[in-house]
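One letter stands for each residue in the lines below.
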Amino acid sequence: MSLPGGVFTAAGAGVKTNLLFFTKGKPTEQIWYYDLSDVKVGKRTPFLLEKFDGFLRLVATRADSERSWTVTRQQIDARNYDLKAVNPNRKSYEDTRTPDELLAFIETKGQEVASALAGLRK
């Protein structure tokens, strides 16, 4: 489980944290990851138990989801035993607008700001 930085700030550790769970007596053939690293944690937004609801719902079956995925031992071997939790299922929110579209958007917003300022000056 990959936790966000700041979860253990009260204990003096503000770094990102990963929890590992093993099954005693069995060799590890695959690793199931669950990613909560994108959750924002702060004084006004504490890391509450409810953030674990998805994890607790999926952990018994180790099902894949937007936050979870499975990696085989062979894949880990091929990555030189790098266990870094990089979520392949995370949705990308890439801005696909062209430069001309962005400039038009900025110009429109600039006109809205200018209009609002003119209204305040009256």
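Note that the structure is predicted; figures quoted are calculated from it, not measured. (Residues numbered from 1 in each chain as written. Predicted model: local features only at pLDDT ≥ 70, side-chain atom pairs only at ≥ 80, totals over all residues. Heavy atoms only, no water.)

**Description of the side chain of Asp 35**
Our working definition: In this description a helix means any DSSP run of H or I spanning at least four residues, a strand means any run of E spanning at least two, and both kinds are numbered starting from the N terminus. Any pair of nitrogen or oxygen atoms within 3.5 Å is treated as a polar contact; in protein, a donor-acceptor pairing is required on top of that, and neighbouring residues in sequence qualify only through side-chain atoms on both sides. Contacts are assigned to residue pairs that have any heavy atoms within 4.5 Å of one another.
Here Asp 35 is to be found in the loop between β3 (30–34) and α1 (53–58). Within the structure, Asp 35 has its side chain in polar contact with the side chain of Ser 37 (distance 2.6 Å). Setting aside anything within four residues of it in sequence, one finds Asp 35 in contact with Ser 2, Arg 67, Trp 69, Asn 87 and Arg 90.

**Some remarks on the nonpolar core**
For clarity, the threshold we go by: What makes a nonpolar core is a set of buried Ala, Val, Leu, Ile, Met, Phe, Trp, Tyr and Cys residues whose side-chain atoms join them at distances within 4.5 Å. Exposed residues in this analysis have more than 50% of their type's maximum accessible area, buried residues have under 20%, and partly exposed residues fall in between, with area computed by a 1.4 Å probe over protein chains only.
Judged by nonpolar contacts, Met 1, Leu 3, Trp 32, Tyr 34, Leu 36, Val 39, Phe 47, Phe 52, Phe 55 and Leu 58 together constitute the single largest core of ten residues. Listing elements by their share of this core, those giving two or more residues are β3 and α1. Those residues in contact with Phe 55 that lie beyond four places of it in its chain are Met 1, Phe 21, Trp 32 and Tyr 34.

**Brief notes about the packing of aromatic side chains**
Rule in force here: Two aromatic rings, drawn from Phe, Tyr or Trp (for Trp, its six-membered ring), form a pair once their centres lie within 6.5 Å of each other, and the interplanar angle then sorts them: stacked below 30 degrees, edge-to-face above 60, tilted otherwise. A ring is considered to have a charge above it if a Lys NZ or an Arg CZ atom is located within 6 Å of its centre and within 35 degrees of its normal.
As enumerated under the stated definition, the model contains five aromatic pairs in all. Here Trp 32 and Tyr 34 contribute two aromatic rings whose centre-to-centre distance is 5.9 Å and whose plane-to-plane angle is 40°, an arrangement assigned as tilted. A relative accessible area of 6% means that Tyr 34 is categorised as buried. Members of the aromatic cluster, connected to one another through ring pairs, are Phe 21, Trp 32, Tyr 34 and Phe 55. Positioned over the ring face of Phe 105 is Arg 97, at 5.0 Å from the centre of the ring.

**Looking at the side chain of Asn 87**
Among the structural elements, Asn 87 can be located in the loop between α2 (73–78) and α3 (99–121). A relative accessible area of 12% means that Asn 87 is categorised as buried. From its side chain, Asn 87 meets the backbone oxygen of Glu 66 in a polar contact 3.0 Å long. In terms of polar contacts, Asn 87 uses its side chain to reach the backbone amide nitrogen of Asn 89, at 2.7 Å. Ignoring anything within four residues of it in the chain, the contact list for Asn 87 reads Asp 35, Glu 66, Arg 67 and Trp 69.

**So, the environment of Leu 117**
Structurally, Leu 117 is set in helix α3. Taking the C-alpha atoms as reference points, Leu 117 and Leu 19, 98 residues apart in sequence, are found 51 Å from one another.

**Some words on the environment of Glu 107**
Residue position: Glu 107 is located in helix α3. Considering only alpha carbons, one finds Glu 107 and Asp 53, 54 residues apart in sequence, at a separation of 44 Å.

**Section: the pattern of salt bridges**
Put simply, the rule reads: Salt bridge, as used here, is a side-chain nitrogen of Lys or Arg placed within 4 Å of a carboxyl oxygen of Asp or Glu.
By the definition in use, this model includes four salt bridges. Across the pair Glu 29 and Arg 73 runs a salt bridge, and its minimum N-O distance is 3.0 Å. Linking Glu 29 in the loop between β2 (17–18) and β3 with Arg 73 in helix α2, this pair joins segments that are 44 residues apart in sequence. Owing to a relative accessible area of 35%, Arg 73 belongs among the partly exposed residues under this scheme. With a shortest N-O distance of 2.5 Å, Arg 97 and Asp 95 are connected by a salt bridge. Note on Arg 97: relative accessible area 36%, which makes it partly exposed.

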